[in-house]
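What the coordinates show
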Amino acid sequence: MNRNEVQQYFHGLLEKEKHMSAGIAAIKTLLKLLEHDKSETVQGLDSNLQAAIDVMRSFDMPVSAVASGCALFLRFITLAKLDFTTNFEECKDIMLHRGEVFLKKLLQARGKVAKQACAFIYDGSIVLTHSNSRAVLQTMIEAARANKRFEVYVTVSSIDNTGEEMRLALEKENVQCTLILDSAVGYVMESVDMVMVGAESVVESGGIINKIGSFTMAVCAQAMKKPFYVLTESFKFSRLYPLNQRDLPNEFKYLSSKLTTDLKKEHPFVDYTPPSYITLLFTDLGILTPSAVSDELIKLYL
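Residues numbered from 1 in each chain as written. Predicted model: local features only at pLDDT ≥ 70, side-chain atom pairs only at ≥ 80, totals over all residues. Heavy atoms only, no water.

**Thoughts on the packing of aromatic side chains**
Inspection of every chain in the model, using the stated rule, returns seven aromatic pairs. Considering the side-chain rings of Phe215 and Tyr277, the 5.5 Å spacing of their centres and the 80° angle between planes classify their relative orientation as edge-to-face. One end of the pair, Phe215, is in helix α10 (residues 214-223); the other, Tyr277, is in the loop between β8 (270-273) and β9 (280-283), and 62 residues separate them in sequence. Taken together, the ring pairs connect Phe73, Phe76 and Phe102 into an aromatic cluster. (Phe/Tyr/Trp six-rings, centres within 6.5 Å; stacked < 30°, edge-to-face > 60°. Helix = DSSP H or I, 4+ residues; strand = E, 2+ residues; numbered from the N terminus.)

**Observations concerning helix α2 (residues 22-36)**
In an α-helix, one turn spans 3.6 residues; hence positions three or four apart end up facing the same way. For α2, built from 15 residues, the straight-helix expectation of 21 Å at 1.5 Å per residue is met to within 8% by its first-to-last C-alpha distance of 21 Å. Counting buried residues in α2 gives eleven out of 15 residues, a clear majority hidden from the surface. Listed as buried for α2 are Ala22, Gly23, Ile24, Ala25, Ala26, Ile27, Thr29, Leu30, Leu31, Leu33 and Leu34. In this structure, the buried side of α2 is in contact with α1 (3-16), α3 (42-57), α4 (64-77) and α5 (88-107). (Expected span 1.5 Å × (residues − 1). Buried < 20%, exposed > 50% of the residue type's maximum accessible area, 1.4 Å probe, protein only. Contact = heavy atoms within 4.5 Å.)

**Describing the environment of Asp37**
Topologically, Asp37 is positioned in the loop between α2 and α3. Once the C-alpha coordinates of Asp37 and Met1 are considered, the two residues, 36 residues apart in sequence, prove to be 6.7 Å apart. Leave out the neighbours within four places in its chain, and Asp37 touches Leu45, Asn48 and Lys92. Polar side-chain contacts of Asp37 include one of 2.4 Å to the side chain of Ser39. (Polar contact = N/O pair within 3.5 Å; in protein donor to acceptor, adjacent residues only side chain to side chain.)

**With respect to the nonpolar core**
It is characteristic of soluble globular proteins that their nonpolar side chains tend to be buried jointly. One finds Phe10, Leu128, Ile208 and Phe228 to be the most contacted residues of the largest nonpolar core, which totals 73 residues. Looking at this core, the element that brings in the most residues is α2, giving nine residues. Non-local contacts of Leu128, meaning those with residues more than four positions away in its chain, are made with Tyr153, Ile180, Val185, Val188, Met189, Val192, Met194, Val195, Met196 and Met217. Ile121, Ala135, Phe150 and Met166 belong to the second-largest nonpolar core, a separate cluster that totals 25 residues. (Core = buried A, V, L, I, M, F, W, Y, C linked by side-chain atoms within 4.5 Å.)

**Observations regarding the sheet that holds β8**
Reading across from one edge, β5-β6-β8 is the order of the three strands in this open sheet, with antiparallel pairing throughout. Each edge of the open sheet carries a strand with a single partner, namely β5 (201-202) and β8. The pairing of strand β6 (residues 208-211) with β8 spans four bridges and is classified as antiparallel. The partner of Lys211 across the bridge, within β8, is Val270. (Pairing = 2+ DSSP bridges.)

**Brief notes about the pattern of salt bridges**
Counted under the stated rule, the structure contains eight salt bridges. Two residues, Arg57 and Glu251, come together in a salt bridge whose shortest N-O distance is 2.2 Å. Taken together, the positions of Arg57 in helix α3 and Glu251 in helix α11 (residues 250-253) put the pair 194 residues apart, joining distant regions of the chain. Note that Arg110 and Glu233 form a salt bridge whose closest N and O atoms lie 3.2 Å from each other. Of this pair, Arg110 sits in helix α6 (residues 109-118) while Glu233 sits in the loop between β7 (228-231) and α11, placing them 123 residues apart in sequence. Shared partners join several salt bridges into a network, and the residues in it are Arg110, Glu233 and Lys236. (Salt bridge = Lys/Arg side-chain N within 4 Å of Asp/Glu carboxyl O.)

This is how it looks when you write it as C-alpha cells:
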C-alpha cells in the first residue's frame, strides 16, 4: 500500500464505521498493509509500517490514540522476530496472525469496560459526562437496557459540539439527558453523583489526555467531592509522562493543519488531567487506580 492507499483506507474506515475509534482504525490499516506488503526483509516491512503510521498521524484530527495504539500493535507483532527460524515469509505469517489476535482482543475491550463501569451506575443516579466518549456511551446504553433509571448531564463540548451527538444517542435509548454549556459544569456539579469521561490517551502517571474541558471538570469534581471515573481501553495507554499542559506534544493538542500556524492563536483540542484528580479507571485490564497504570504499561510492553 502506498501513501494514498493508506490515506484512503484509514479515512474509509472512519467514515464507514462511526463507532470505531481512530486507534482501532489505525490498527486495522496496519493489518491491511501487513497482509499486502511486498517487502522481502523485516527491516523493509518495519519501514513501511512506520511510514503508514506517519501518514495516519498527519490526519487532521487529535492523534494520541493512533500513536499509542500503533505503538502497542508494533510491539506485539514484532515479538514474532524472536521466533524467526527459517525465512521471512514464515516470520511475516506469524506477525499477521499475532496482529489479528491483537485486534480481536481490542474489539472486545470496550464491552469489558462497559460491563465493569455499568455496575457503578445505580437507580436514581445522576451522571455528568463530557463530549462523546464511545466507552461512556456503551456503558450508559448497557445500564439503560438493564432497566436502571438514571439521568445524564452532557456538556456541549465545544469546539466541535460533540456533546450533541451523545445527547441524541442517549435519547435514542430513552435515557433522560440534558445538554449543558461547558461553562455550566460548576453549576451542575453539586447535583450529580459521579462524573464519567472517556480518554484519548492514558499516560504513565495514570493521568489522561482527553477533550479540552476534562481537566476543568475534574477540578470541579474534586472540589465538590464527586468521584471522577475514566472509561478507556488499554490500547490508549501511552508511554508519555507529562507534568503539565505544556508537556503535551503539539501533534496531540492541535489538528495537523494548525501545526504550521501560530499556535498561540489556536485552541487546543485536548487537555491533561493529572492522576490526583482521577478516582478510578475502568479498563479492559480491570478497574485500576491511577497509580496502577504504570505497572500495567510495563506489562504491555514487556
